[in-house]
Structures are given as structure tokens and as C-alpha cells.
Amino acid sequence: MFLAMKELMHSKMRFLMIVIIFVLIAWLVFILSGLGNGLSTLAASTFKTMKADYVVFEEGSQSSMSKSLLSDQLIKEVELLPNVSAAAPMGTTMATALKEQSTKNEDKMDIAIIGIIPGSFLEPAIVEGESLSSGNPTGVVVNSTMKDEGYNIGDTFQLDGTTESLTIIGYVENQTYNHVASVFTPMAEWRKITFAAPGSDKGVAGPVNAIMLQGKDIAPDLINSKLLNTDTVTRAAAVQGMPGYKEENGTILMMLAFLLAISAFVLGVFFYVITMQKTNQFGIMKAIGASNRFLGKAIVSQVFVLSLTSIVVGILLTYGTAAIMPKGMPFKLETSLVVTYSVILLIIAMLSSIVSVRKITKIDPLKALGRFE
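Novice: Provide a residue-level description of the overall build of the protein chain, including the pertinent values.
Specialist: A count of helical and extended segments in the protein chain gives 13 helices and 13 strands. Looking at the protein chain as a whole, 46% of its 373 residues qualify as buried. Looking at the protein chain alone, contacts between residues at least 24 apart form 79% of all its contacts between residues at least 6 apart. Looking at the protein chain as shown, the accessible area adds up to about 18,900 Å², and 60% of this sits on carbon and sulfur atoms.

Spelled out as C-alpha cells, the structure:
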């Protein structure tokens with residue numbers, strides 16, 4: 001470590017260039033991970049935060065709410081099955097909110113209407129206002145982001161293209177679905193909105209999109225065998241079944257994978273070139289008794305210090321960038337993500353130094369000094 005630090009202090013400009021490159025790589029990795037996590041949260045936070053363990057869909061729906069249609073009469077049956085502690089219906093539909101007495105397109109806002117039973121375990125915590133009530137079918141609780149768009153408690157908005165109007169009675173936080181704000185409404189009102197067209201419910205009694213289950217060690221195969229035409233999956237699988245969710249996250253992960261692979265190559269080349277430039281110095285040190293292990297530890301220590309410094313600077317830049325990002329930007333940087341990618345970057349840097357260490361072990365002192373014949 002002493003030798004590594006002495007060289008770092010002596011050749012500041014040379015190593016500063018490596019640090020700058022590594023900082024930019026780390027910065028980009030953290031930014032991409034934050035954007036990917038933000039998009040993931042925006043697409044499915046309502047599903048991710050709900051207190052459900054399993055989801056019962058219609059068979060053949062591919063775990064998609066929009067493709068599934070079940071009868072709420074199945075709820076009583078599924079509650080009697082082993083390990084099921086609670087069951088509650090849920091429905092989703094996309095809509096456009098329009099402020100009352102407004103015909104301007106800029107006043108329209110895309111929303112996701114989530115139908116639930118008031119007071120069930122699916123109802124999120126209210127941060128302001130009142131909870132849902134069966135006695136107030138048109139009263140809804142909405143994601144707090146609608147407040148930024150001018151939708152306040154007590155306001156009534158119309159659903160574009162329909163005669164239905166809803167009144168905001170409360171706010172919830174971190175509730176989005178398919179990248180838009182979630183609007184929670186009593187199940188009866190959701191059915192009224194979703195199945196306004198005659199026959200759109202396909203004759204299903206008490207139609208719902210899915211039945212959410214609470215309980216540990218639930219056997220999906222048992223539920224599917226007891227309830228005809230059903231497909232029971234975990235909540236995580238239901239999230240993956242959302243339209244475009246898997247493809248969106250796959251794209252971000254592929255970009256991160258390529259970035260990490262490129263960073264490994266770039267760092268490896270940098271350290272290898274620096275090692276090649278010091279062949280004579282290493283030859284002299286080996287000639288006076290320095291072992292391969294001693295020189296290898298010096299290289300690894302150097303890489304560790306440079307990498308750790310670069311990652312810390314990259315983290316600080318990322319948090320600084322997050323602080324000035326527009327409020328509407330889907331960026332969410334979690335500590336677990338920062339730690340995970342920091343460790344990955346550090347491991348990549350350490351592995352990239354192996355080529356340099358191996359080169360040192362093959363240096364012939366006589367050849368390095370120009371005395372090899």
C-alpha cells in the first residue's frame with residue numbers, strides 16, 4: 001500500500017485521467033439504475049406496495065389484469081382453501097380525467113382507475129383527507145401527484161368520453177399504475193365505469209379483473225384445481241405480467257450490462273498500459289529482491305484506491321444530479337441499488353487488474369534492464 005500511495009502522489013495527472021474516466025462510468029451506471037428503478041416504480045408501484053401475496057387471474061390471461069375477468073363469487077370459495085388468510089377483488093381500467101367545465105386538452109390527465117372494496121387490505125394508507133366509503137360511491141382517493149396538476153380535495157372531475165364524475169376525498173402516496181396516477185374507487189363504481197357498454201362484462205356476475213390473496217405457503221396448483229378457469233401466481237409474477245413491464249426493465253438491464261462490460265474492458269486496458277510503461281521499473285525492483293507477490297499487492301492496492309475514490313465521487317455526483325432533476329422525472333435511487341452497483345463496479349475494477357498482475361509475474365529482470373541476449 002505504501003508503494004502504491006507513493007506512486008499515486010508522484011504521478012497525479014496520469015492517475016487523475018483514470019479516475020475521471022471511472023467517475024464518468026460510475027456516474028452513468030448510477031443514473032441508469034436510478035432511471036430504471038424509477039420507471040419500474042412508476043409502472044407498478046400500486047402492485048408492488050399492496051399487501052397481497054398471490055393473485056388469482058382468469059386462465060389464459062398471461063397474468064395480465066386487462067386480459068382477466070372473474071366473478072367475485074369465487075372469493076368465498078378461495079377463502080376456504082388452505083393457507084388463505086384473506087381475499088379481496090381488484091379491477092383496473094385506464095381513463096382520462098377532465099376538470100369540470102373545461103374542454104382544453106391541456107386540462108386532461110391520464111389516470112388508472114383501481115376498483116377495490118373500501119376498508120379491504122388493498123386500500124393504501126391515506127396521507128391526507130378521508131378513506132374510501134361504500135356510502136360515497138363517487139368519492140375517490142388519488143395519488144398525490146394529481147395535486148401538482150391542480151386536482152385538490154373536494155374537486156370533482158369528469159371521465160373523458162363518459163358521463164361519470166368523481167370527487168376527490170383523499171390522497172395517497174407512491175401509487176401509480178402503467179406510468180400514470182392511480183385513482184382508487186369503490187368496486188361498484190369501478191364496474192359502472194368499466195362495463196358501461198352493454199355486454200362488456202360478458203355476462204359474468206360481479207365481474208373483477210383479479211382476486212388478491214393474503215397468506216403464506218399458498219399452493220397455486222391447489223387453488224387452480226379447486227377453482228375452474230383460474231391461474232394463480234405470486235405478486236411478483238403479476239407485476240411481470242403487466243403490459244410492457246418486463247420489456248422495459250429488460251432494456252434498462254441490458255444497457256447496464258453492456259455498460260459494465262465496456263467499463264471492465266476500458267479499465268483493464270488502462271491498467272495494462274500503465275503496467276507496460278513501468279516494465280523497466282518493475283524489472284529493477286525484481287532484480288533487487290522484490291517478489292511478484294509484493295509487486296502484485298502494490299498494483300491491486302493502487303486499483304482499489306482509485307476505484308473506491310471514483311465510486312464515491314460518482315455517488316456524490318449522482319445524488320447531486322437527483323437533487324436538480326425535474327420533479328416529473330421518473331428517477332428513484334435506492335440505497336440498496338447504490339450499494340449493489342458500487343460493489344459490482346469495485347469487483348470489476350479489481351478483476352481488471354488481474355491482467356496487469358499476471359504481466360508483472362512474467363517480467364524478466366535481465367530483459368527489462370536490457371541485458372538479455
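Novice: Lay out the nonpolar core in plain terms, naming residues and giving numbers.
Specialist: Membership of the largest hydrophobic core comes to 36 residues, with the highest contact counts inside it found for Ile111, Met146, Phe157, Ile211, Leu213 and Ile223. The contact partners of Leu213, leaving out residues within four places of it in the chain, are Ala52, Asp53, Tyr54, Val56, Val78, Val84, Ala86, Ala87, Phe121, Ile218, Ile223 and Thr232. Formed by 33 residues, the second largest nonpolar core is a distinct cluster that contains Ile31, Phe271, Leu306 and Leu333.

Novice: Can you explain a nonpolar patch on the surface? Please cite residues and give values.
Specialist: Residues Phe265, Val269, Tyr272, Val273, Met276 and Val355 make up a contiguous nonpolar surface patch of roughly 530 Å² in combined accessible area. Here the element with the most residues in the nonpolar patch is helix α8 (residues 245–277); it accounts for 5 residues. Considering the arrangement of structural elements, one finds Tyr272 in helix α8.

Novice: Kindly report on the packing of aromatic side chains, identifying the contributing residues and their values.
Specialist: In the structure shown here, the tally under the stated rule is 3 aromatic pairs. Consider the rings of Phe47 and Tyr177, whose centres lie 6.2 Å apart with planes at 35°: the pair is tilted. Of the two residues, Phe47 sits in helix α2 (residues 12–49) while Tyr177 sits in strand β9 (residues 176–177), which places them 130 residues apart along the sequence. Comparing Phe47 with Tyr177 shows no difference in burial state: the two are buried. Centroid distance Trp190 to Phe195: 5.5 Å. Interplanar angle 85°. Geometry classified as edge-to-face. Relative accessible area serves as the criterion here: at 0%, Trp190 is assigned to the buried category. Lying over the aromatic face of Tyr151, Lys99 brings its terminal NZ or CZ to 5.3 Å of the ring centre.

Novice: Explain the pattern of salt bridges residue by residue, including any values.
Specialist: Opposite charge on two side chains makes pairing possible when the charged atoms of those side chains draw close. Evaluated as defined, the whole model comprises 6 salt bridges. Where Asp53 meets Lys216, a salt bridge forms, and the shortest distance between an N and an O atom there is 3.5 Å. Remark: Lys216 occurs in the loop between β12 (210–214) and α6 (220–226) and Asp53 occurs in the loop between α2 and β1 (54–58); sequence separation between them is 163 residues. Residue classification places Asp53 among the partly exposed positions, given a relative accessible area of 24%. Here Lys108 makes a salt bridge to Asp160, at a shortest N to O gap of 3.1 Å. One end of the pair, Lys108, is in strand β4 (residues 108–116); the other, Asp160, is in the loop between β7 (156–159) and β8 (165–172), and 52 residues separate them in sequence. Owing to a relative accessible area of 36%, Asp160 belongs among the partly exposed residues under this scheme.

Novice: Before we move on, can you summarise the pairing of β7 with the specific residues and values?
Specialist: As paired elements, strand β3 (residues 86–99) and β7 share 3 bridges and run antiparallel to each other. Each bridged residue has a counterpart across the sheet, and for Ala97 the counterpart in β7 is Leu159. The pairing of β7 with β8 spans 3 bridges and is classified as antiparallel. Residue pairing for β8: Thr156 is matched across the bridge by Thr167. Two successive antiparallel strands, β7 and β8, enclose a turn made up of 5 residues, where Gly161 displays a positive phi of approximately 85°.

Novice: Outline unusual backbone geometry, listing residues and values.
Specialist: With a phi angle near 60°, Gln62 is a residue other than glycine that sits in the positive phi range. Mapped onto the secondary structure, Gln62 falls in the loop between β1 and β2 (70–71). For Ser63, which is not glycine, the phi dihedral falls at a positive 55°. Relative to the assigned elements, Ser63 resides in the loop between β1 and β2. Taking relative accessible area as the criterion, Ser63 reaches 10% and is therefore assigned buried.

Novice: I'd like to hear about the side chain of Thr46, residue by residue, with values.
Specialist: Take Thr46: it is sitting in helix α2. Setting aside its immediate chain neighbours within four residues, Thr46 contacts Met90, Gln175, Thr176, Tyr177, Ser182 and Phe184.

Novice: Go over helix α5 (residues 187–194), please, and point to the residues and values.
Specialist: Among the residues making up α5, those that are buried are Met187, Glu189, Trp190 and Ile193. Seen from one end, α5 has its buried residues packed into an arc of 160°, which puts them on one side. Where α5 is buried, its residues contact β3, β4, β7, β8, β10 (180–186) and β11 (207–208).

Parameters at a glance
Residues numbered from 1 in each chain as written. Predicted model: local features only at pLDDT ≥ 70, side-chain atom pairs only at ≥ 80, totals over all residues. Heavy atoms only, no water. Helix = DSSP H or I, 4+ residues; strand = E, 2+ residues; numbered from the N terminus. Buried < 20%, exposed > 50% of the residue type's maximum accessible area, 1.4 Å probe, protein only. Contact = heavy atoms within 4.5 Å. Areas by Shrake-Rupley, 256 points an atom, 1.4 Å probe, with all protein chains shown as cover. Core = buried A, V, L, I, M, F, W, Y, C linked by side-chain atoms within 4.5 Å. Patch = residues over 30% accessible without salt bridge, like charges linked within 9 Å, V, L, I, M, F, W, Y side chains within 5 Å. Salt bridge = Lys/Arg side-chain N within 4 Å of Asp/Glu carboxyl O. Phe/Tyr/Trp six-rings, centres within 6.5 Å; stacked < 30°, edge-to-face > 60°. Lys NZ or Arg CZ within 6 Å of the ring centre and 35° of its normal. Pairing = 2+ DSSP bridges. Arc of directions from axis to C-beta.

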